[in-house]
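Here's the letter readout for the chains.
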Amino acid sequence: MKGLLCILLVIPAALCYDCSGVADGLYEVACKSFVTCSNGVATTTECPTGEVYNEATGACADEASVPAPCGTVKDCSAAADAKFADTDQQCHSYYTCSGGTFFGHNYCAGGLVFNEKLQ
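Right, let's walk through the structure included here.

Calculation criteria
Per chain, residue numbering runs from 1 following the sequence as it is written. The predicted nature of this model means local features are confined to residues of pLDDT at least 70 and side-chain atom pairs, given and counted, to a pLDDT of 80 or more, with totals for whole chains, interfaces and linings taken over all residues. Based on all heavy atoms of the structure, the side-chain values leave hydrogens and waters out of the count. A run of DSSP states H or I qualifies as a helix once it reaches four residues; a run of E qualifies as a strand once it reaches two. Both are numbered from the N-terminal end. Categorising residues by exposure relies on relative accessible area from a 1.4 Å probe, with only protein chains included: less than 20% of the type maximum marks a residue as buried, more than 50% marks it as exposed, and the intermediate range marks it as partly exposed. Only heavy atoms enter the contact rule, under which two residues are in contact if any of them lie within 4.5 Å. When DSSP locates at least two bridges between a pair of strands, those strands are taken to pair. Only C-alpha atoms enter the line fits that serve as axes; for helices the fit covers just the stretch in contact. Angles between N-to-C directions range over 0 to 180 degrees. Buried Ala, Val, Leu, Ile, Met, Phe, Trp, Tyr and Cys residues that are joined via side-chain atoms within 4.5 Å together make up what is termed a nonpolar core. When a carboxyl oxygen of Asp or Glu lies within 4 Å of a side-chain nitrogen of Lys or Arg, that pair is called a salt bridge.

### Structural notes on the side chain of Thr 96
Right, on to step 1. Relative to the helices and strands, Thr 96 resides in strand β7 (residues 93–98).
Right, on to step 2. Taking the relative accessible area as the measure of exposure, Thr 96 reaches 18% and is therefore buried.
Right, on to step 3. Those residues in contact with Thr 96, other than ones at most four positions away along the chain, are Cys 76, Ala 82, Lys 83, Thr 101, Phe 102, Phe 103, Gly 104 and Asn 106.

Written out as structure tokens, the structure reads:
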């Protein structure tokens with residue numbers, strides 16, 4: 001519920017992620033942004049336009065140079081407004097279409113897979 005509330009209120013992810021008692025590192029990774037915890041403090045990095053998260057480097061990079069899923073743009077022109085499993089990634093990520101516009105990919109947490117029926 002806490003995560004849903006943050007999304008609905010469009011509050012930056014760093015305000016939603018509690019870094020207390022967790023090791024320093026990357027958390028809440030999505031293709032357009034990621035949260036880094038350092039000494040119990042969350043910092044959100046938003047990738048600039050045309051860049052996405054590169055899992056290999058842990059930083060933002062030009063979309064064309066990043067492998068799937070983040071480097072892949074899906075055609076949403078005829079798609080329903082919904083979230084769709086990235087089947088080419090064994091459903092470990094998903095993407096969002098709304099109003100015919102592609103809104104990017106997101107990773108599933110903790111090794112989970114995305115189920116379109118349960119979204």
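Okay, back to it.
### Remarks on the sheet that holds strand β2 (residues 33–38)
Right, on to step 1. Taken in spatial order, the 3 strands line up as β1-β2-β3 in an open sheet, and their pairing is antiparallel. This sheet does not close on itself; its edge strands, each paired only once, are β1 (25–27) and β3 (41–46). Each strand of the sheet is rotated relative to its neighbour by a mean of 35°, with strand direction disregarded.
Right, on to step 2. Pairing of β1 with β2 involves 3 bridges; the strand directions are antiparallel. Bridging across to β2, Tyr 27 finds its partner in Val 35.

### Section: the nonpolar core
In globular proteins that are soluble, nonpolar side chains generally tend to be buried together.
Right, on to step 1. Core analysis: the largest hydrophobic core is formed by 6 residues, namely Cys 76, Ala 82, Phe 84, Tyr 95, Cys 97 and Phe 102.
Right, on to step 2. When residues of this core are traced back to their parent elements, those giving at least two are β6 (82–85) and β7.
Right, on to step 3. Other than its neighbours up to four places away in sequence, Phe 84 contacts Ala 79, Tyr 94, Tyr 95, Cys 97, Phe 114 and Glu 116.

### Things to note about the sheet that holds β7
Right, on to step 1. Reading across from one edge, β6-β7-β8 is the order of the 3 strands in this open sheet, with antiparallel pairing throughout. Where the open sheet ends on each side, the last strands, each with one partner, are β6 and β8 (101–107). The average undirected angle you get between the axes of adjacent strands in this sheet is 25°.
Right, on to step 2. Summarising the sheet, β7 and β8 pair through 5 bridges and their orientation is antiparallel. Bridge pairing links Cys 97 to Phe 102 in β8.

### A look at the environment of Thr 87
Right, on to step 1. With respect to the helices and strands, the residue Thr 87 is situated in the loop between β6 and β7.
Right, on to step 2. For the pair formed by Thr 87 and Phe 114, sequence separation is 27 residues and the distance between their alpha carbons is 9.3 Å.

### Focus: the pattern of salt bridges
Right, on to step 1. Evaluation of the coordinates by the stated rule reveals 1 salt bridge.
Right, on to step 2. Between Asp 88 and Lys 74 there is a salt bridge; the shortest N-O distance is 4.0 Å. Of this pair, Asp 88 sits in the loop between β6 and β7 while Lys 74 is found in the loop between β5 (59–62) and β6, placing the two residues 14 residues apart along the sequence.
Right, on to step 3. Judged by relative accessible area, Lys 74 falls into the partly exposed class, the value being 22%.

Interpretation in functional terms is not warranted from these geometric data alone.
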